[in-house]
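Residues per chain are reported as follows:
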Amino acid sequence: MDTIAIASDHAGPQLRAELRAALEAAGHAVLDLGTDGTQSVDYPDFAAAVCRAVTEGRARFGVLVCGTGIGMAIAANRHRGIRAAVLHDTTEARLTRAHNDANVACFGARTTGVETALDALRAFLAQPFEGGRHERRVAKIEAQNG
Ligand code: RB5
């Protein structure tokens, strides 16, 4: 089983707790990087913490939750080696792993229901990268990053 780094801003603690519980129930080790409490925080700080855990090899995948998932994804994708996608369903989850080798899954606590997010996260973790022609495209993304 993998180690998964997870974090949210103040919009996401409840969904984050649900996702964390499901990951632990599935046997994953979870590196929970906050935020603790409901005080307003800045989502790029939490995106950075999860991205560092992934790029430094402390976690295989990252999970980020904010109000929409969008801010987290924008912030996460600024980090070299991170490919983050906002997930709304299992199809996006499966295809972003298969084609983009996504390593960070982002969720909107104000836009996506708990069950939908849980299903999408399971699909994300179950799907391997397909490689092949997608390898070349992912390599181009990394080459263009800075
Ligand atoms: C916080 O209010 C909200 O802006 C944040 O959670 C996120 O949705 C940003 O993209």
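Residues numbered from 1 in each chain as written. Predicted model: local features only at pLDDT ≥ 70, side-chain atom pairs only at ≥ 80, totals over all residues. Heavy atoms only, no water.

A.B. asks: I keep staring at the packing of aromatic side chains and nothing clicks. Help me out?
C.D. replies: Two aromatic rings are characterised by how far apart their centres lie and by the angle between their planes. A complete count under the given rule lists 1 aromatic pair for this structure. Seen in terms of ring centroids, F61 and F124 are 5.6 Å apart; in terms of plane orientation they differ by 70°. Their pairing is edge-to-face. Here F124 lies in helix α5 (residues 114-126) and F61 lies in strand β3 (residues 61-66), a separation of 63 residues in the sequence. When its relative accessible area of 4% is taken as the criterion, F61 is described as buried. Of note, R97 hangs over the ring of F124, and the distance from its end group to the ring centre comes to 5.9 Å. (Phe/Tyr/Trp six-rings, centres within 6.5 Å; stacked < 30°, edge-to-face > 60°. Helix = DSSP H or I, 4+ residues; strand = E, 2+ residues; numbered from the N terminus. Buried < 20%, exposed > 50% of the residue type's maximum accessible area, 1.4 Å probe, protein only. Lys NZ or Arg CZ within 6 Å of the ring centre and 35° of its normal.)

A.B. asks: Quick question: what am I supposed to make of the sheet that holds strand β5 (residues 104-108) here?
C.D. replies: In sheet architecture, strand pairing relies on hydrogen bonds along the backbone and comes in two forms, parallel and antiparallel. The 5 strands lie next to each other as β2-β1-β3-β5-β4, forming an open sheet whose pairing is parallel. Two strands bound the open sheet, and with one partner strand each, they are β2 (29-32) and β4 (84-86). Geometrically, the sheet is characterised by an average inter-axis angle of 25° between neighbouring strands, direction not taken into account. As judged from the 5 bridges shared by β3 and β5, these two strands associate in the parallel manner. Each bridged residue has a counterpart across the sheet, and for V65 the counterpart in β5 is F107. With respect to the sheet, helix α2 (residues 43-55) is in contact with β1 (3-8), β2 and β3, its orientation differing from that of β3 by roughly 170°. (Pairing = 2+ DSSP bridges. Axes fitted to C-alpha atoms, helices over the stretch in contact; angles between N-to-C directions. Contact = heavy atoms within 4.5 Å.)

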